[in-house]
Amino acid sequence: MPSNPYQGFASRCDSGKDLSYSHLANQWRERTPELKEWLRLSVVGWRKEPVVKRIPYPTRLDRARRLGYKAKQGIVLVRVRVRRGGAKKPRPVSGRRQKAMGVSKFTRSISLQRIAEKRANRKYVNLTVLHSYYLYSDGIHHWYEVILADTSHPALTEWSKERNHRALSPRVAVEKIAEIR
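Read on for a plain summary of the structure. Keep in mind that this is a model prediction, so the values were computed, not measured. (Residues numbered from 1 in each chain as written. Predicted model: local features only at pLDDT ≥ 70, side-chain atom pairs only at ≥ 80, totals over all residues. Heavy atoms only, no water.)

**Topic: the overall build of the chain**
Then, in step 1: Broken down by element type, the chain carries 7 helices and 4 strands.
Then, in step 2: Reading the secondary structure of the chain in the N-to-C direction produces α-α-α-β-α-β-α-β-β-α-α.
Then, in step 3: Sequence-distant contacts in the chain: of pairs separated by 6 or more residues, those separated by 24 or more amount to 65%.
Then, in step 4: Approximately 11100 Å² of the chain is accessible, and the part contributed by carbon and sulfur atoms is 49%. (Helix = DSSP H or I, 4+ residues; strand = E, 2+ residues; numbered from the N terminus. Contact = heavy atoms within 4.5 Å. Areas by Shrake-Rupley, 256 points an atom, 1.4 Å probe, with all protein chains shown as cover.)

**Quick look at unusual backbone geometry**
Then, in step 1: One non-glycine residue, R31, lies in the positive phi region at around 50°.
Then, in step 2: Positionally, R31 belongs in the loop between α2 (21–30) and α3 (33–48).
Then, in step 3: For R31, a relative accessible area of 25% puts it in the partly exposed group. (Buried < 20%, exposed > 50% of the residue type's maximum accessible area, 1.4 Å probe, protein only.)

**Side note on the sheet that holds strand β2 (residues 75–83)**
Then, in step 1: What the 4 strands build is an open sheet, ordered β1-β2-β4-β3; its pairing is antiparallel. Strand pairing shows two members of the sheet lacking a second neighbour, β1 (52–55) and β3 (128–137), which therefore form its edges. Averaged over all adjacent pairs, the angle separating strand axes in this sheet is 25°, with direction ignored.
Then, in step 2: Judged from the 9 bridges that link them, β2 and strand β4 (residues 141–149) form a sheet pairing that is antiparallel. Residue pairing for β4: V78 is matched across the bridge by V146.
Then, in step 3: The strands that helix α5 (residues 112–123) touches are β1, β2, β3 and β4; relative to β2, the one it contacts most, it runs at about 125°. (Pairing = 2+ DSSP bridges. Axes fitted to C-alpha atoms, helices over the stretch in contact; angles between N-to-C directions.)

**Details of the side chain of R114**
Then, in step 1: Mapped onto the secondary structure, R114 falls in helix α5.
Then, in step 2: For R114, a relative accessible area of 10% gives the class buried.
Then, in step 3: Among the polar contacts listed, one links the side chain of R114 to the side chain of E117, at a separation of 3.2 Å. (Polar contact = N/O pair within 3.5 Å; in protein donor to acceptor, adjacent residues only side chain to side chain.)

**Considering the pattern of salt bridges**
Then, in step 1: Applying the stated criterion across every chain yields a total of 5 salt bridges.
Then, in step 2: Between R47 and D138 there is a salt bridge whose closest N-O contact spans 2.9 Å. You can see R47 sitting in helix α3 and its partner D138 sitting in the loop between β3 and β4, a full 91 residues away along the chain.
Then, in step 3: A salt bridge links E49 to R79, with the shortest nitrogen-to-oxygen separation between them at 2.8 Å. Pair noted here: E49 is in the loop between α3 and β1 and R79 is in strand β2, with a separation of 30 residues, a long-range link.
Then, in step 4: Of the residues examined, R79 reaches a relative accessible area of 8% and is grouped as buried. (Salt bridge = Lys/Arg side-chain N within 4 Å of Asp/Glu carboxyl O.)

**Quick word on the packing of aromatic side chains**
Then, in step 1: In total, this model carries 4 aromatic pairs according to the counting rule given.
Then, in step 2: Consider the rings of Y134 and Y144, whose centres lie 6.0 Å apart with planes at 70°: the pair is edge-to-face. With a gap of 10 residues between them, Y134 in strand β3 and Y144 in strand β4 connect regions that are remote in the sequence.
Then, in step 3: A ring pair is formed by Y136 and W143, whose centres lie 6.3 Å apart and whose planes are at 35°; its orientation type is tilted. Comparing Y136 with W143 shows no difference in burial state: the two are buried.
Then, in step 4: Aromatic ring contacts, followed pair by pair, group W38, W46, Y136 and W143 into a single cluster. (Phe/Tyr/Trp six-rings, centres within 6.5 Å; stacked < 30°, edge-to-face > 60°.)

That is the geometry; function is a separate question.
Structure below.
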């Protein structure tokens, strides 16, 4: 199985047409059997990777391009794994009845996608979060891909001025997103 999901993809298509973004979007929307099989085999390797893993190219090219990805220097793609389910608060030190513990059934104030962005931003402090998108989930984890940009990179100086970033500054921005919600 090739490591690049689009390698040889056009030859496997039913219509035999060239590879277009709308065709890729349809493949992801309909979850064709070829794509499901490729994802199932890829996730086996993803589980063994670190939680935040830099990747050379996007897995969902159509979605990444729509959210601002460009294949140029200064733009970094990261695949982030987040555990599914709600959060657990630390258990209180002093005694309480079970009902008042507040340990289980605790809902997070931010979504798992924002948590993935936050983790990527924590690992790559000098980069700014542009956007992120959902990739896959199994029984234990969700995977997201986060697009990060180095706004001080010479190749992105003009581009970063005209773009609206999800984050305003590398460290504080994702924290601000949590406060707004």
